[in-house]
Structures are given as C-alpha cells and as structure tokens.
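Structural overview
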Amino acid sequence: MNINFHPSSLLEGEVVIALTEEDYMASVTERIRTYRAKTEVKGFRKGQVPGSIIQKMYGHEILFRATLDLAIQHLNSYLQEHPLNLLQDPIMVDNTLHT
C-alpha cells in the first residue's frame, strides 16, 4: 500500500492510495466466507453455498466494498498523521480496480 499527497493548488489536492492485491485479499476472502454463511441459493442449504458461486454472484461488490473500506481506513490514518483541512468529504475520482 502506498499513500501520496499531491497538492494541485493552495485549496485543492489529491491523495492517491495505491493498494496491492496482498492488501485486500484477506478481507475479500473473509467477506466471501461471511456472504457464504448468510446466502440462500436454490439447490444449496443455507450456509453451504460454494465460495466459487458466491464469487461469481457477488465478487465485484465484495471486492469494491473491501477495497473502499480499506482505502477509507488508510485515509483516516493518513489524515491523523498529516493534518489537512478538509472542506468536504473525500470522493473517489478514479477507480482502477480490475477483476
């Protein structure tokens, strides 16, 4: 994981958070287990749906939520270490997730 701050003007800047697969895969795996325990799919008992089916059904959502939560967590840590005055909540302007 890598965090960089790039000021573009006196009032604006960009915080770039680069995550590697090792950073978020543990969270993704845990979330798949959680979804697996709660999901009901016809033909399978509750909690017995294979992880591969959960991955196919919800994989993009799980990946997005896991990486977003991790990015927010690291952004909050960065903001505690490097105090910046925020005028509004941060927004994601470029999503380069590839699955």
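Scroll up for the structure.
Residues numbered from 1 in each chain as written. Predicted model: local features only at pLDDT ≥ 70, side-chain atom pairs only at ≥ 80, totals over all residues. Heavy atoms only, no water.

1. A look at the overall build of the protein
When helices and strands are counted, the protein shows two helices and two strands. N-terminal to C-terminal, the α/β element order of the protein is β-β-α-α. A separation of at least 24 residues holds for 42% of the contacts in the protein among residues at least 6 apart in sequence. Accessible area of the protein: about 7,800 Å², with a carbon and sulfur share of 52%. (Helix = DSSP H or I, 4+ residues; strand = E, 2+ residues; numbered from the N terminus. Contact = heavy atoms within 4.5 Å. Areas by Shrake-Rupley, 256 points an atom, 1.4 Å probe, with all protein chains shown as cover.)

2. So, the packing of aromatic side chains
Counted under the stated rule, the structure contains one aromatic pair. Taking 5.4 Å as the distance between ring centres and 50° as the angle between the ring planes, the aromatic pair formed by Tyr-35 and Tyr-58 counts as tilted. A residue pair is termed long-range when its members are at least 10 positions apart, and Tyr-35 in helix α1 (residues 21-38) and Tyr-58 in helix α2 (residues 51-81) qualify at 23 residues. According to the relative accessible area criterion, Tyr-35 is partly exposed, its value standing at 23%. For Tyr-58, a relative accessible area of 26% gives the class partly exposed. (Phe/Tyr/Trp six-rings, centres within 6.5 Å; stacked < 30°, edge-to-face > 60°. Buried < 20%, exposed > 50% of the residue type's maximum accessible area, 1.4 Å probe, protein only.)

3. Examining the nonpolar core
With 10 residues, the main nonpolar core is built from Tyr-24, Val-28, Ile-32, Val-41, Val-49, Ile-54, Ile-62, Leu-63, Ala-66 and Leu-70. Within the residue set of this core, elements represented by two or more residues are α1 and α2. Discounting residues that sit within four places of it in the chain, Leu-70 has contacts with Leu-19, Asp-23 and Tyr-24. (Core = buried A, V, L, I, M, F, W, Y, C linked by side-chain atoms within 4.5 Å.)

4. Some details on α1
Between its first and last C-alpha, α1 extends 25 Å over 18 residues, near the 26 Å set by a 1.5 Å rise per residue. For α1, the complete set of buried residues consists of Tyr-24, Val-28 and Ile-32. In a view along the axis of α1, the buried residues occupy a sector of 90°, so they form one face of it. Opposite its buried face, α1 presents the exposed residues Glu-22 and Ala-26, each directed more than 90 degrees away. Considering only its buried residues, α1 is in contact with α2. (Expected span 1.5 Å × (residues − 1). Arc of directions from axis to C-beta.)

5. A few points about the pattern of salt bridges
One pass over the full model with this rule turns up three salt bridges. Asp-69 is the salt-bridge partner of Arg-31, the closest N and O atoms lying 2.5 Å from each other. In this pair, Arg-31 sits in helix α1 while Asp-69 sits in helix α2, placing the two residues 38 residues apart along the sequence. Taking the relative accessible area as the measure of exposure, Arg-31 reaches 23% and is therefore partly exposed. Of the charged contacts, one joins Glu-61 and Arg-65 as a salt bridge, the two residues approaching to 3.1 Å between their closest N and O atoms. With a gap of four residues between them, Glu-61 and Arg-65 both fall in helix α2, about one helical turn apart. (Salt bridge = Lys/Arg side-chain N within 4 Å of Asp/Glu carboxyl O.)

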